[in-house]
Amino acid sequence: MNYRECYDKGKEALQTAGVPEAELNARLLLEYVCDTDRNTLLVHGDREVTATEQEAYAMLIEKRRSRIPLQHLIGVQNFMGLDFQVNEHVLIPRQDTEILVEEVLKNLHDGMRVLDMCTGSGCILISLLYYSNGCTGVGADLSENALKVARHNAETLLSGRVCDDTDDGANGRAEFLQGDLFEKIHGKFDIIVSNPPYIEREEIRELMPEVREHEPLSALDGGADGLDFYRKIIDQCLVHLNGGGMLFFEIGYDQGEAVKQLLIQANFHEVSIVKDYAGLDRVVYGTRF
Ligand code: GLN
């Protein structure tokens, strides 16, 4: 079989199983297996695919048919232009979350100290450090398995980006701590950012099988009204936020007003809601007195 025939077969197998974006998935899996790119597949559609590659492709197509997320099969997700390793222990970085990172970057100045609460793959903290100068940060998560992924990502993406003589690469700039929210956190930060679990518990069964069955429930479940983590983080963050420091949250599309009110009640000022490119509320932030 050649590239074209393999791709057609893969696409059809995904389509008949009702996998969303079957064409894209079939192509990305073939690129992955044959270690090639979109252009080569297109221009050299008649190139033969080895038996080993055909076998590996068929196996991945089968797994994708069972709704294992594409990113778990290829092991990476691009976020903010950086390739993050992912697995079943972390939430796959979402494009929506880039809005959160962009809002923080507007307020992140050289040398600031950042805390990423519920860091998962580390994608938020690592992007912030990658695109700033001399900043340092802590990523906290309840899951030690998630932190293994985050540490690996920090090592591959931040090492070599030494910001001054005393900096020793990723380990000096990003530290990852296992604990229940602020349990292991010491000291104060200029910015605290979080994309906590925020799905209403009853809504979880409505999610796509990729998310519902393969992503960590603990990264999704925000309690009965989805707001449990916002309440806890707002309550516990005050002692860890410098005066004038800022708190940034990703939120669900219908949680903007509720989270804004929680921040106002906790005496945050200049509380704002930011929309994503779909026009939906996506980020809420405020400044501590
Ligand atoms: N945005 C994610 C989703 O739609 C949920 C992320 C979260 O709960 N933090 O699945």
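Values in this document were obtained by computation on a predicted structure and should not be read as measured data. Position numbers for residues count from 1 along each chain, tracking the sequence in the order it is written. In view of the model being predicted, local features appear only for residues whose pLDDT reaches at least 70, and side-chain atom pairs are presented and counted only at 80 or more, with totals across whole chains, interfaces and linings using the full set of residues. For side-chain calculations, the full set of non-hydrogen atoms in the structure is used, while hydrogens and water are omitted.

Let's talk about helix α11 (residues 228-237)
Spelled out, the test is: Relative accessible area decides the class of each residue, using a 1.4 Å probe on protein chains only: under 20% of the type maximum gives buried, over 50% gives exposed, and in between gives partly exposed. We count a stretch as a helix when DSSP gives it H or I for four or more residues in a row; a strand needs E for two or more, and each element gets its number in order from the N terminus. What the arc describes is the spread of directions from the helix axis to the C-beta atoms. Contacts between residues were defined by any pair of non-hydrogen atoms, one from each residue, lying within 4.5 Å.
Phe229, Tyr230, Ile233, Ile234 and Cys237 are the residues of α11 that are buried. With its buried residues spanning 125° around the axis, α11 presents them on a single face. Those residues of α11 that are buried are in contact with β3 (113-117), β6 (189-194), β7 (241-250) and α12 (256-265).

Overview of the side chain of Arg67
Residue placement: Arg67 occurs in the loop between α4 (51-65) and α5 (70-74). Setting aside its immediate chain neighbours within four residues, Arg67 contacts Ala17, Gly18, Val19, Pro20, Pro209, Glu210 and His214.

As for unusual backbone geometry
Outside of glycine, negative phi angles account for most residues, and trans bonds account for most peptide bonds. In this model, Cys118 sits at a positive phi of 65°, which is unusual for a non-glycine residue. Judged by its relative accessible area of 19%, Cys118 falls in the buried class. The phi angle at Leu181 is positive, at roughly 50°, despite the residue not being glycine. Relative to the elements of secondary structure, Leu181 occurs in the loop between β5 (174-178) and β6.

Description of the site of the ligand
Here is the rule: Near, as used in this document, describes a residue that has one of its heavy atoms within 4 Å of the molecule or strand being considered. As used in this structure description, the phrase polar contact means that two N or O atoms lie within 3.5 Å; if the pair is within protein, one of them must be able to donate a hydrogen and the other to accept it, and residues adjacent in sequence are counted only when both atoms belong to side chains. Using a 1.4 Å probe, the Shrake-Rupley method yields the accessible areas, and only the shown protein chains count as cover for residues. Residue polarity is assigned by list, with Asp, Glu, Lys and Arg as charged and Ala, Val, Leu, Ile, Met, Phe, Trp, Tyr, Cys and Pro as nonpolar; anything else, Gly included, falls into the polar class.
Taken together, the residues surrounding the ligand are Leu91, Arg94, Asn195, Pro196, Pro197, Tyr198, Ile199, Ala219, Leu220 and Glu250. Pro196 is positioned such that a nitrogen or oxygen atom in its backbone is 2.6 Å from a nitrogen atom of the ligand. Between the ligand and the protein, one listed contact pairs an oxygen atom with a backbone N or O atom of Ala219 at 3.4 Å. Burial of the ligand by the surrounding chains reaches 86%, relative to a free accessible area of 300 Å². Looking at the shell around the ligand, its residues break down into 7 nonpolar, 1 polar and 2 charged.

A short note on helix α2 (residues 22-34)
For clarity, the threshold we go by: By this rule, a helix spans an expected 1.5 Å times one less than how many residues it contains.
End to end, α2 covers 18 Å across 13 residues, agreeing with the expected 18 Å (1.5 Å per residue, within 8%). Of the positions making up α2, those classed as buried are Ala22, Asn25, Ala26, Arg27, Leu29, Leu30, Glu31, Val33 and Cys34. Buried-residue contacts for α2 involve α1 (3-16), α3 (38-43), α4 and α5. Where α2 terminates, the next one or two residues include Asp35, which has phi positive at roughly 50°.

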